[in-house]
2 protein chains.
Amino acid sequence: MLNVEQLLSRFDPQTGEIAGVPAVERHLSDLRGCFADAAAYEQALAVDNPLVYTVASVALAGGAGDLNYAVGRLMPGCIGNEFYLTKGHFHAWRDAAEIYLGLSGDGLMLLEDEMTGESRVVPLRPHHVAYVPGHTAHRTVNVGPEPLIYIGVYPARAGHDYDAIARTNFRHLVVEHDGQPVLIPKQGKV
Amino acid sequence: MLNVEQLLSRFDPQTGEIAGVPAVERHLSDLRGCFADAAAYEQALAVDNPLVYTVASVALAGGAGDLNYAVGRLMPGCIGNEFYLTKGHFHAWRDAAEIYLGLSGDGLMLLEDEMTGESRVVPLRPHHVAYVPGHTAHRTVNVGPEPLIYIGVYPARAGHDYDAIARTNFRHLVVEHDGQPVLIPKQGKV
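Residues numbered from 1 in each chain as written. Chains lettered and ligands numbered in written order. Predicted model: local features only at pLDDT ≥ 70, side-chain atom pairs only at ≥ 80, totals over all residues.

Engineer: Explain the overall build of chain A here, please?
Structural biologist: A count of helical and extended segments in chain A gives 3 helices and 14 strands. Taking the principal axes of the C-alpha coordinates as reference, chain A spans close to 55 × 35 × 30 Å. Burial status across chain A gives 44% buried among its 190 residues. Relative to all contacts within chain A whose residues are 6 or more apart in sequence, the contacts with residues 24 or more apart total 70%. (Helix = DSSP H or I, 4+ residues; strand = E, 2+ residues; numbered from the N terminus. Buried ≥ 20, exposed ≤ 12 C-beta atoms within 10 Å, placed from the backbone. Contact = placed C-beta atoms within 7 Å.)

Engineer: I'm lost on the sheet that holds strand 12 (residues 148-155) of chain B in this one. Help?
Structural biologist: Taken together, 7 strands build an open sheet; the order of strands is 1(A)-10(B)-7(B)-12(B)-4(B)-3(B)-2(B) and the sheet is antiparallel. Edge positions in the sheet fall to strand 1 (8-10) of chain A together with strand 2 (24-27) of chain B, since each has one partner strand and no second. Mean inter-strand twist for the sheet, computed between neighbouring axes without regard to direction, equals 20°. Both strand 1 of chain A and strand 10 (residues 128-132) of chain B contribute to a ladder of 3 bridges, which runs antiparallel. Bridging across to strand 10 of chain B, L8 of chain A finds its partner in A130 of chain B. (Pairing = 2+ DSSP bridges. Axes fitted to C-alpha atoms, helices over the stretch in contact; angles between N-to-C directions.)

Engineer: Would you mind going over the nonpolar core with me for this structure?
Structural biologist: Taken as a class, soluble globular proteins show a tendency for nonpolar side chains to be buried jointly. The biggest cluster of nonpolar side chains holds 108 residues, and the ones touching the most others in it are M109 of chain A together with M109 of chain B. The residues contacting M109 of chain A, other than those within four sequence positions of it, are Y100, V121, V122, L124, A130, V132, H138 and T140 of chain A. (Core = buried A, V, L, I, M, F, W, Y, C linked by C-beta atoms within 7 Å.)

Engineer: Please clarify how the pairing of strand 9 (residues 119-124) of chain A should be interpreted in this entry.
Structural biologist: Where a strand is regular, its side chains alternate between the two sheet faces. All names here are of chain A. Inspection of the sheet shows strand 8 (residues 107-113) paired to strand 9 by 6 bridges, in the antiparallel sense. Residue G107 lies in a different strand from strand 9, and its bridge partner there is L124. Count of turn residues in the strand 8/strand 9 antiparallel hairpin: 5 residues, of which G117 carries a positive phi of about 75°.

Engineer: What is the right way to look at the sheet that holds strand 11 (residues 136-142) of chain A in this model?
Structural biologist: The strands making up a sheet associate through hydrogen bonds between their backbones, and the pairing can be parallel or antiparallel. Residue and element names in this part refer to chain A. Sheet architecture is open: 3 strands sit in the order 9-8-11, paired in antiparallel fashion. Since the sheet does not close on itself, it has two edges, and those belong to strand 9 and strand 11, each with one partner. Here the strands of the sheet are splayed against their neighbours by 25° on average, with no regard to which way each runs.

Engineer: Teacher, can you tell me more about the relation of the copies chain A and chain B here?
Structural biologist: One copy of the chain maps onto the second through a rotation about an axis and a displacement along it. Taken as rigid bodies, chain A and chain B are interconverted by a rotation of 180° and an axial shift of 0.0 Å, the fit giving an RMSD of 0.0 Å. Both copies of the chain, as the preceding transformation shows, are related through a two-fold rotation axis. Interface overlap between copies: 100% of the residues of chain A at the interface are likewise at the interface in chain B, consistent with a symmetric, same-surface contact. (Least-squares fit on C-alpha atoms with pLDDT ≥ 70 in both.)

Here it is, written out as structure tokens:
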């Protein structure tokens, strides 16, 4: 059997860092095309290139029944009135679901059904578990003033498909309006 | 797509209850054969039949890539010097792994490899993620003074096999010795 150090991960609830696991860092410059307001994006990027999110993933095994998991940290902020977000992805194996649990902060999981285009936002915060069905693009959005920390568990064989989203982006976005997060169509207004 | 109420579960971090999901309750009388000291078990049961643990499970879908999850609450206590525990199980689909995250309290996950009989204990407490490989019996043990709350995520097709454990029980147990939890062989002494 694996030893205890392999079977166990400890993460820092403030930073989302998993001890001994390098995190992928995404800065604002990595997120071109993700925000609806391209002018606001370029304007922000001309001033600074902040860290927007990190993801630390643990993949201990890759069998059909195996699971991997990742702890993400998404910083607070906006581009224009659109809240900071992750790139979002489908699973390469479209049938693969994912279970997310908020650990700290206040976020939303933006879901978009690949077949119908239907969108949902599901709260992502402590004591809330969000289910991401298969065949569903999913993107994390930080709608609060603090970093959003969360964990996602997925089948080891899920894989990540970022390309489909990179081509068309999500059809809806989450914007701040009167101090509240609101889901609107990409071409829509609040 | 499912609606938000289906995609989201809220649980109470104090009780482990998931809103709208009935929890399975296991009282001491349900745990005959689980504790190594049968005399101490019968003696305790003659006095009282306390609730030992609850498990609330959410199974939204059952496809090959789907995931289910459960929130467990294991009360503090001992039978003889053996800490309160869950029955423990294999997955019926032996390849299926499980990812556990401690939410509150102080516990251990007791693992036993089906092929080799090797045992491990992995901390189960907040900010600690325990990986349960396939082909591994797993049992939760509360080694602290407070209820232990945790979440486990597993493939929807994992299934539960309690019978193998019910026949032979685990080969090791976790007992209190000088105020500390210690793993010992079933026939062993501290």
